[in-house]
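Residues per chain are reported as follows:
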Amino acid sequence: MTPSNLHPMINVAVKAARTAGDLINRASFDLDALHVTQKQPNDFVTDVDQAAEQAIIDILLNAYPGHAIWAEESGRERGAKDADHVWIIDPLDGTTNFMHGLPIYCVSIALAVKGRLEQAVIYDPCRNDLFTATKGRGAYLNNRRLRVAKRLRLQDCLISTGFPYREGDDVDTGLRMMGDMIRSTAGLRRPGSAALDLAYVAAGFTDGFFEIGLHPWDMAAGALLVTEAGGLVGNFGGQSDFLDQKECLAANPRIYGQMVTVLGKYSKVSATPPKS
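Not measured: the values here are computed from a predicted model.

Reading guide: rules and limits
- Residues numbered from 1 in each chain as written.
- Predicted model: local features only at pLDDT ≥ 70, side-chain atom pairs only at ≥ 80, totals over all residues.
- Heavy atoms only, no water.
- Helix = DSSP H or I, 4+ residues; strand = E, 2+ residues; numbered from the N terminus.
- Rg over C-alpha atoms; globule rule 2.2 N^0.38 Å.
- Buried < 20%, exposed > 50% of the residue type's maximum accessible area, 1.4 Å probe, protein only.
- Contact = heavy atoms within 4.5 Å.
- Areas by Shrake-Rupley, 256 points an atom, 1.4 Å probe, with all protein chains shown as cover.
- Lys, Arg positive; Asp, Glu negative; His and termini not counted.
- Charge placed at Lys NZ, Arg CZ, Asp CG, Glu CD.
- Pairing = 2+ DSSP bridges.
- Axes fitted to C-alpha atoms, helices over the stretch in contact; angles between N-to-C directions.
- Core = buried A, V, L, I, M, F, W, Y, C linked by side-chain atoms within 4.5 Å.
- Salt bridge = Lys/Arg side-chain N within 4 Å of Asp/Glu carboxyl O.

A. Representation of the overall build of the chain. What the chain contains, in helices and strands, is seven helices and 14 strands. By the compact-globule yardstick of 19 Å for 276 residues, the chain fits well, its C-alpha radius of gyration being 18 Å. With the principal axes as the frame, the chain shows a C-alpha extent of 50 × 40 × 35 Å. Going through the 276 residues of the chain one by one, you find that 55% of them count as buried. For the chain, contacts bridging at least 24 residues in sequence account for 61% of all contacts bridging at least 6. Accessible area of the chain: about 12100 Å², with a carbon and sulfur share of 50%. Charged side chains in the chain number 28 positive and 32 negative. The centres of these two groups are separated by 9 Å.

B. How the structure looks around the pairing of strand 14 (residues 247–251). For strand 14, the tally of buried residues reaches five of five residues, placing the bulk of the element in the interior. Where strand 12 (residues 208–212) lies against strand 14, five bridges are found, and the strand directions are antiparallel. Its bridge partner being in strand 14, Gly208 is matched across the sheet by Ala251. Of the strand pairs in this sheet, strand 13 (residues 232–234) and strand 14 are connected by three bridges, and their pairing is antiparallel. Looking at the pairing, Val233 lines up with Ala250 of strand 14.

C. Geometry of the sheet that holds strand 10 (residues 158–161). Judged by pairing direction, the sheet is mixed, and its five strands sit side by side in the order 11-10-12-14-13 without closing on themselves. Each end of this open sheet is capped by a strand with a single partner; those strands are strand 11 (187–189) and strand 13. The average undirected angle you get between the axes of adjacent strands in this sheet is 15°. Across three bridges, strand 10 lies against strand 11 in parallel orientation. Bridged to Ile159 within strand 11 is Leu188. Strands strand 10, strand 11 and strand 12 of the sheet are contacted by helix 4 (residues 171–184), whose axis makes an angle of about 165° with strand 12.

D. The arrangement of the nonpolar core in detail. With 38 residues, the main nonpolar core has Ile88, Leu117, Ile122, Phe131, Leu146, Leu225 and Cys248 as its most contacted residues. Those elements giving two or more residues to this core turn out to be strand 4 (85–93), strand 5 (106–113), strand 6 (116–124), strand 7 (129–134), strand 8 (138–141), helix 5 (194–203), helix 6 (216–228) and strand 14. Residues within four places of Cys248 in sequence aside, it is in contact with Leu198, Phe209, Phe210, Glu211, Leu214, Met219, Val233, Gly234, Phe236 and Phe242. One finds Ala52, Ile56, Ile59 and Ile89 within the second-largest nonpolar core, a separate group that totals 35 residues.

E. Representation of the environment of Gly237 in the model. Looking at where Gly237 falls in the secondary structure, it is placed in the loop between strand 13 and strand 14. Between the alpha carbons of Gly237 and Met259 there is a distance of 9.5 Å; along the sequence they are 22 residues apart.

F. Structural detail: helix 5. Among the 10 residues in helix 5, nine count as buried, and that is most of the element. Within the span of helix 5, buried status applies to Ala194, Ala195, Leu196, Asp197, Leu198, Ala199, Val201, Ala202 and Ala203. Phi for Gly204, located one or two positions after helix 5, is positive at around 80°.

G. Structural context of the sheet that holds strand 5. Read across the open sheet, the seven strands follow the order 3-4-5-6-7-8-9; overall the sheet is mixed. Each of the sheet's edge strands pairs with one partner strand only, and the pair in question is strand 3 (68–71) and strand 9 (144–145). Where strand 3 meets strand 4, four bridges bridge the pair, whose relative direction is parallel. Residue pairing for strand 4: Trp70 is matched across the bridge by Ile88. Helix 2 (residues 47–63) contacts strand 3, strand 4 and strand 5 of the sheet and is inclined by roughly 155° relative to strand 4. Of the strands in this sheet, strand 4, strand 5, strand 6 and strand 7 touch helix 5, which is tilted by about 100° from strand 6.

H. How the structure looks around the pattern of salt bridges. In the structure shown here, the tally under the stated rule is six salt bridges. Across the pair Arg78 and Asp58 runs a salt bridge whose closest N-O atoms are separated by 3.1 Å. Note that Arg78 is positioned in the loop between strand 3 and strand 4 and Asp58 in helix 2, a separation of 20 residues in sequence. We classify Arg78 as partly exposed; its relative accessible area is 26%. Look at Asp58 and you get partly exposed, because its relative accessible area is 35%. The closest approach of N and O atoms between Asp207 and Arg151, which form a salt bridge, is 2.9 Å.

The quantities given are spatial measurements derived from coordinates; they are silent on function.
Below is the structure:
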């Protein structure tokens, strides 16, 4: 089921996400047949990532040939150049999970208009979960309106994150951040798909999320879901400018401030955390 008041552009994005999800599901039945290459050590791409991305782009451009495309695998090769409407696409977020048969991955599609996130779809093909958001109209999981969790104390919270894994990633800083958060929370989780992590914050399944080294296509759709569910998304210093800063923090407003107090010192954007 999907919410009945979906924006027309979301309907097209949902069709694209479900089409990609069908390709991913079919491929999951025979993982030995996957063709896998490495973009860099520990950063994998499969032929399914590429086929799913192609299917998404074809559907979006068939409906909106004047729109621009910004996709993980093909970059900005397709679509109109310099358009106000830009579709930001991750065809398979959680590729390493997918390759191993761990069923935590998703399709992520967002639309930015003049730089502002306005539409979002995250589709989990394993659970058939469809997350959608339109700016100003709320966030939904299937047909249910989403709200972020209501916990008020960081020490009661379950927080998700991502571990450094690419060559050149600052593992030592990542470990210090995780140590600080483990000591400050009820639990820390590493599911392996940043887009789903953000969707789960929006749904209230977890209380917050943080990660460094992310790209815009990892965060765009999930960020709109969080804000439309009543949460905040920003960088570790607490500012809302995060999409191209490679650091992301999301939670309900009270927990967000407490996470900034813990993580602000690690921000590359803001040297000192704001007062909580």
